[in-house]
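Architecture and fold: a report
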Amino acid sequence: MALKFGVIVPQGWRMDLVGITDPVEGYETMTRVAREAEELGFDSIWLFDHFHTVPQPTQEPTFECWTSTAALSRDTKRVRIGQMVTCNSYRNPALLAKMASTVDVLSHGRLNFGIGAGWYEHEYNAYGYDFPDGPTRLRQLRDALRIIRAMWTEEEAVVEGKYLHVNGAINQPEGVQKPHIPILIGGAGEKVTLKLVAQYADACNIQHLDNEGLARKFAIIKEHCDNVGRDYNSIWRTVLFNCAIAETDQEALAKSAPYQRNVPADRIRQQALVGTPDAIYKRVQEIEQAGAQELIIFLQDSAQLESLRMFAKACIGK
């Protein structure tokens, strides 16, 4: 199997650090999972960019994405580290480009830069960000992508966008990776988001779709690439799935309960990875056949490490 594998590090916002009341122990748990994933052969680790829990805000600790990315870049040695995905609205893009270049140096060139238009309205309102409509957020994302690319490829970036601009911004130290840190755009909107992938991204991320849905999204990216003169195969295709793995199918179904909020019960096996190790391995093969090159999993119980190890034994190195 040529498929690469990544895992979401527990961070708090998906209630994956519940029961750990000491924030220091919470961070050490994140580090423990990241290092275990590295030892087990996972290719990448990922962090969500959220400030509090979903779907309901709670007082559970939720670690900030980019400071955690920087810390984990020093706590690990081999795995790539990315964001699933940075909310464009939360940070000025020139500052974000500078932050990412710094982290790429800290990690010795292991950063994946994930970004998207943003969606969590409650979080915007709670933290005082404006929440414009979807088309506006996508246009703002386009401006940000232009600025970030310019910051990483020009000595003094000059970009005049509709919403955002820079005028002579300098980005030193540069990142380690050449020609620049790979940009991953998350989202599946067929007319705008996937066109932005074709225009600006080195990688895409599609989430929680069945095989037919994945194949459709990848075909649309290829169509956009053809329209802008881009080599479709130059875009790394990643997918994200919730995962509930256990020794018995009954145990796996019970574990999948937190994932069923937005997925009908009769669709859970198509839109998540649920089952025994053998069943998960078969499903992973199908995902690769649908066109994915890297599978990123979220395990609600990754902090306990057992499921992480079970998945690795079932799928990595096969």
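Residues numbered from 1 in each chain as written. Predicted model: local features only at pLDDT ≥ 70, side-chain atom pairs only at ≥ 80, totals over all residues. Heavy atoms only, no water.

So, the nonpolar core
Formed by 80 residues in total, the largest nonpolar core has its most connected members in F42, F113, L273, L295 and F311. With 8 residues, helix α5 (residues 134–153) is the largest single contributor of residues to this core. If near-sequence neighbours (up to four positions away) are discounted, L273 is found in contact with F241, N242, C243, A244, I280, R283, V284, I287, L295, I297 and F311. The next biggest cluster of nonpolar side chains, apart from the first, holds 21 residues, and it includes V54, A203, L240 and A252. (Core = buried A, V, L, I, M, F, W, Y, C linked by side-chain atoms within 4.5 Å. Buried < 20%, exposed > 50% of the residue type's maximum accessible area, 1.4 Å probe, protein only. Helix = DSSP H or I, 4+ residues; strand = E, 2+ residues; numbered from the N terminus. Contact = heavy atoms within 4.5 Å.)

Some words on the side chain of H224
In this fold, H224 is placed in helix α7 (residues 211–228). Filtering out sequence-adjacent residues up to four positions away, H224 remains in contact with E190, K191, L194, K195 and A198.

A word on the UniProt feature "domain: Luciferase-like" (unreviewed entry) in the protein
Mapped onto this numbering, the UniProt entry annotates "domain: Luciferase-like" (unreviewed entry) at residues 5–263. With 39% helix and 18% strand, the stretch residues 5–263 has end C-alpha atoms that lie 23 Å from each other. (UniProt positions renumbered as here; feature names shortened; annotations may be inferred.)

Things to note about helix α2 (residues 65–75)
With respect to burial, α2 is a largely interior element, 8 of its 11 residues being buried. Among the residues of α2, C65, W66, S68, T69, A70, L72, S73 and D75 are the ones counted as buried. For α2, the secondary structure elements touched by its buried residues are α1 (23–40), β2 (44–47), β3 (80–83), β4 (86–87), α3 (93–106) and β5 (113–116). For α2, the N-terminal capping position is held by E64, with its side-chain oxygen 3.0 Å away from the main-chain nitrogen of W66. (Polar contact = N/O pair within 3.5 Å; in protein donor to acceptor, adjacent residues only side chain to side chain.)

Structural notes on the pattern of salt bridges
Using the criterion set out here, one finds 13 salt bridges in the structure. Notably, a salt bridge pairs R32 with E25, separated by 3.0 Å at the nearest N-O pair. Note on R32: relative accessible area 38%, which makes it partly exposed. Among the ionic contacts, a cluster of salt bridges with common partners joins D49, E64 and R91. (Salt bridge = Lys/Arg side-chain N within 4 Å of Asp/Glu carboxyl O.)

A closer look at the environment of L72
By the element assignment, L72 lies in helix α2. Residues L72 and P61, 11 residues apart in the sequence, show an inter-C-alpha distance of 17 Å.

Here's the deal with α7
Between its terminal C-alpha atoms α7 stretches 26 Å, which fits the 26 Å expected from 18 residues at 1.5 Å a residue. Buried within α7 we find G213, L214, K217, F218, I220, I221, H224 and C225. Buried residues of α7, viewed axially, fall in a sector of 155 degrees; they line one side. Exposed positions of α7 whose direction lies more than 90 degrees from the buried face are E212 and N227. If you follow the buried residues of α7, they end up packed against α6 (193–200), β9 (203–207), β10 (236–245) and α10 (277–289). Looking one or two residues beyond α7, the residue adopting positive phi is G229, at roughly 75 degrees. (Expected span 1.5 Å × (residues − 1). Arc of directions from axis to C-beta.)

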